[in-house]
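Descriptive structure summary
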Amino acid sequence: MISYHSIEDIVNLCNENNMSFWQVILRADASERMAAEDASFATMRDMYRAMKRADAEYDKTLKSPSGLSGGDGEKMRKYNKDGKNLCGPFMGLAMEKAIKMGESNACMKRIVAAPTAGSCGVIPAVILAYEECFNVPEDKMVKAMFVSAGVGAVIAENASIAGASGGCQAEIGSASAMAAAGLAYLEGGDAECISNAMAFALKNMLGLTCDPVCGLVEVPCIKRNSAGAVNAISSAQMAMAGIRSAITPDEVIDSMRRIGNELPACLKETGEGGLAVTPSALKIKERLN
């Protein structure tokens, strides 16, 4: 039976068994669920297609009940279409998709919480934009999803993916690390490259607070999804260039857990600190009340 509890475990299993990163995760998942590998792959394919449907069903006319979100994804689409994109087609599209998915979540449309609802825009933004820009076969996209899932599983086991326990570093940070790993795989990176992409992305998000205005997963959460997608892309590119993290991936995850434990409760999804108590936020709260 193949099992893993750290990024180092996955890399070692890849090397010892001459397997790709995604294969290790697939086999471990099939073993844990006592399912055939093709059934596990089919389940992940369904997850990927659900992300695609959620992206395709974005409705630019919807506003969230609070009125704090809705329509910004369409603004990004128009900006990109008008040729004003500062970031290039791939990154610009990823930013657009991340905002759209976050808005869909706020507007109560169906999304895939990967790893959480608050960070639901990061992975589909990067992965779906990649497929759209580079015309990659669906099977390879599903394999990238397994890579992302494996990284997420390690983070969940050894740290946290919940803002209430670890701050937003545990949500957008984890999602960004997962997306970076999947993207590195799509670009042809080996297990070492994938793990370094993950490490860069998570390092860049360490200490990120969870400070939702009025306790709603809208401000600043939706725009952070876009930032998390951009962070994932830059992290994967650094890893693909051969740059290596001075801190090992597992030590980065351990650091996130320690930082999360040290963050005060007011910065962990309680809406009692950070941006949530600014004068602008208090005016919004007064209006909503």
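Residues numbered from 1 in each chain as written. Predicted model: local features only at pLDDT ≥ 70, side-chain atom pairs only at ≥ 80, totals over all residues. Heavy atoms only, no water.

**Here's the deal with the overall build of the protein**
Rules: Each helix is a run of H or I in the DSSP string that is no shorter than four residues. Each strand is a run of E no shorter than two, and both are numbered from the N terminus. Atoms counted for the radius of gyration: C-alpha only. Globule rule: 2.2 Å times residue count to the power 0.38. Relative accessibility thresholds used throughout: buried, under 20% of the residue-type maximum; exposed, over 50%; partly exposed, between the two (1.4 Å probe, protein chains only). Whether two residues touch is decided by their heavy atoms; if any such pair falls within 4.5 Å, the residues are in contact. Exposure was quantified through the Shrake-Rupley algorithm and a 1.4 Å probe, taking into account, for residues, occlusion by the shown protein chains and nothing else. In summary, the charge assignment counts Lys and Arg as positive and Asp and Glu as negative, without counting His or the chain termini. Every charge is mapped onto a representative atom, which is NZ of Lys, CZ of Arg, CG of Asp or CD of Glu.
When helices and strands are tallied, the protein shows 13 helices and zero strands. Computed over its C-alpha atoms, the radius of gyration of the protein comes to 18 Å, within 12% of the 19 Å expected for a compact globule of 289 residues. Overall, the C-alpha framework of the protein stretches about 60 × 45 × 40 Å when taken along its three principal axes. A buried classification covers 55% of the 289 residues belonging to the protein. In the protein, 74% of the contacts between residues at least 6 apart in sequence involve partners at least 24 apart. Of the roughly 12,700 Å² that the protein leaves accessible, carbon and sulfur atoms contribute 52%. Computing the positive centroid from 29 side-chain charges and the negative centroid from 34, the protein places the two 8 Å apart.

**Notes on the nonpolar core**
Note the threshold: What makes a nonpolar core is a set of buried Ala, Val, Leu, Ile, Met, Phe, Trp, Tyr and Cys residues whose side-chain atoms join them at distances within 4.5 Å.
Counting residues in each nonpolar core, the largest one holds 77 residues, and the members touching the most others are F21 and V24. Counting five residues, the second-largest nonpolar core is a separate cluster that includes M76, I99, A106 and I222.

**So, the side chain of S245**
Operational definition: Between N or O atoms, a polar contact is any pair within 3.5 Å; within protein, one atom must be a potential hydrogen donor and the other a potential acceptor, and residues adjacent in sequence are included only when both atoms are from side chains.
Within the secondary structure layout, S245 lies in the loop between α11 (221-240) and α12 (249-262). At 3.0 Å, the side chain of S245 forms a polar contact with the side chain of K203. In this structure the side chain of S245 is engaged in a polar contact, spanning 2.6 Å, whose partner is the backbone oxygen of I247. Apart from residues lying up to four places away in sequence, S245 is in contact with N196, A199, F200 and K203.

**What about the packing of aromatic side chains?**
The condition that has to hold: Between rings of Phe, Tyr and Trp, where Trp is taken as its six-membered ring, a pair exists when centres lie within 6.5 Å; planes separated by under 30 degrees are stacked, by over 60 edge-to-face, and by other angles tilted.
Following the criterion strictly, the structure yields five aromatic pairs and no others. The interplanar angle of 70 degrees and the centroid separation of 6.3 Å between the aromatic rings of W22 and F41 together place this pair among those described as edge-to-face. One end of the pair, W22, is in helix α2 (residues 21-33); the other, F41, is in helix α3 (residues 37-56), and 19 residues separate them in sequence. Judged by relative accessible area, W22 falls into the buried class, the value being 12%. The exposure class of F41 is buried, given its relative accessible area of 12%. For the pair Y130 and F134, a centre-to-centre distance of 4.6 Å together with 40 degrees between the ring planes defines the contact as tilted. On the criterion of helical spacing, the pair formed by Y130 and F134 is a turn pair, its members being four residues apart in helix α6 (residues 122-134).

**Some remarks on the pattern of salt bridges**
To keep it simple, the criterion reads: Salt bridges are counted wherever a side-chain nitrogen of Lys or Arg sits within 4 Å of a carboxyl oxygen of Asp or Glu.
Inspection of every chain in the model, using the stated rule, returns 16 salt bridges. Here R45 makes a salt bridge to E138, at a shortest N to O gap of 2.7 Å. Separated by 93 residues along the polypeptide, R45 in helix α3 and E138 in helix α7 (residues 138-158) bring together distant segments of the chain. Measuring nitrogen to oxygen at the nearest pair gives 3.9 Å for the salt bridge that ties K60 to E74. In this pair, K60 is assigned in the loop between α3 and α4 (72-81) and E74 in helix α4, connecting sequence segments 14 residues apart. Here E74 falls in the buried class, since its relative accessible area comes to 10%.

**Describing the environment of K75**
Here K75 is to be found in helix α4. K75 sits in the exposed class, given a relative accessible area of 57%. For the pair K75 and K100, spaced 25 residues apart in sequence, the C-alpha separation works out to 9.9 Å.

**Looking at the environment of N12**
Topologically, N12 is positioned in helix α1 (residues 7-17). N12 gets classed as partly exposed once you look at its relative accessible area, which sits at 31%. Note: C-alpha distance between N12 and I194 (182 residues apart in sequence) is 13 Å.

**Some remarks on the packing of helix α5 (residues 89-106) against α6**
The packing of two helices is summarised by the inter-axis angle and the distance between the axes. Stated precisely, the cut-off is as follows: Axis definition: a line fit to C-alpha positions, over the contact stretch in the case of helices; interaxial angles, taken between N-to-C directions, run 0 to 180 degrees. Between 65 and 115 degrees an angle is taken as roughly perpendicular, under 35 as roughly parallel, over 145 as roughly antiparallel, and anywhere else as oblique. Handedness of each helix crossing follows the sense of rotation of the near helix against the far helix: counterclockwise by less than a right angle gives left-handed, clockwise gives right-handed.
Packing of α5 against α6 leaves a shortest axis separation of 8 Å and a crossing angle of 135 degrees. Considering the angle they form, α5 stands oblique to α6. Read as a crossing pair, α5 and α6 show a hand that is right-handed. Residue-level inspection shows P89, F90, L93, A94, K97, A98 and M101 of α5 in contact with α6, the latter providing P124, A125, V126, L128, A129, Y130, E132, C133 and F134.

**Observations regarding unusual backbone geometry**
With the exception of glycine, the majority of residues adopt a negative phi angle, and the majority of peptide bonds are in the trans configuration. Of note, the bond from A114 into P115 is cis; its omega dihedral lies within 30 degrees of zero at 0 degrees. Along the polypeptide, P115 turns up in the loop between α5 and α6. Across the junction of V219 and P220, the peptide omega takes the value 5 degrees, indicating a cis bond. Summarising the element assignment, P220 is placed in the loop between α10 (191-205) and α11. The backbone phi angle of M108 is positive, close to 65 degrees, even though this residue is not glycine. The residue E269 is not glycine, and still its phi comes out positive at about 70 degrees. Structurally, E269 is set in the loop between α12 and α13 (279-288).

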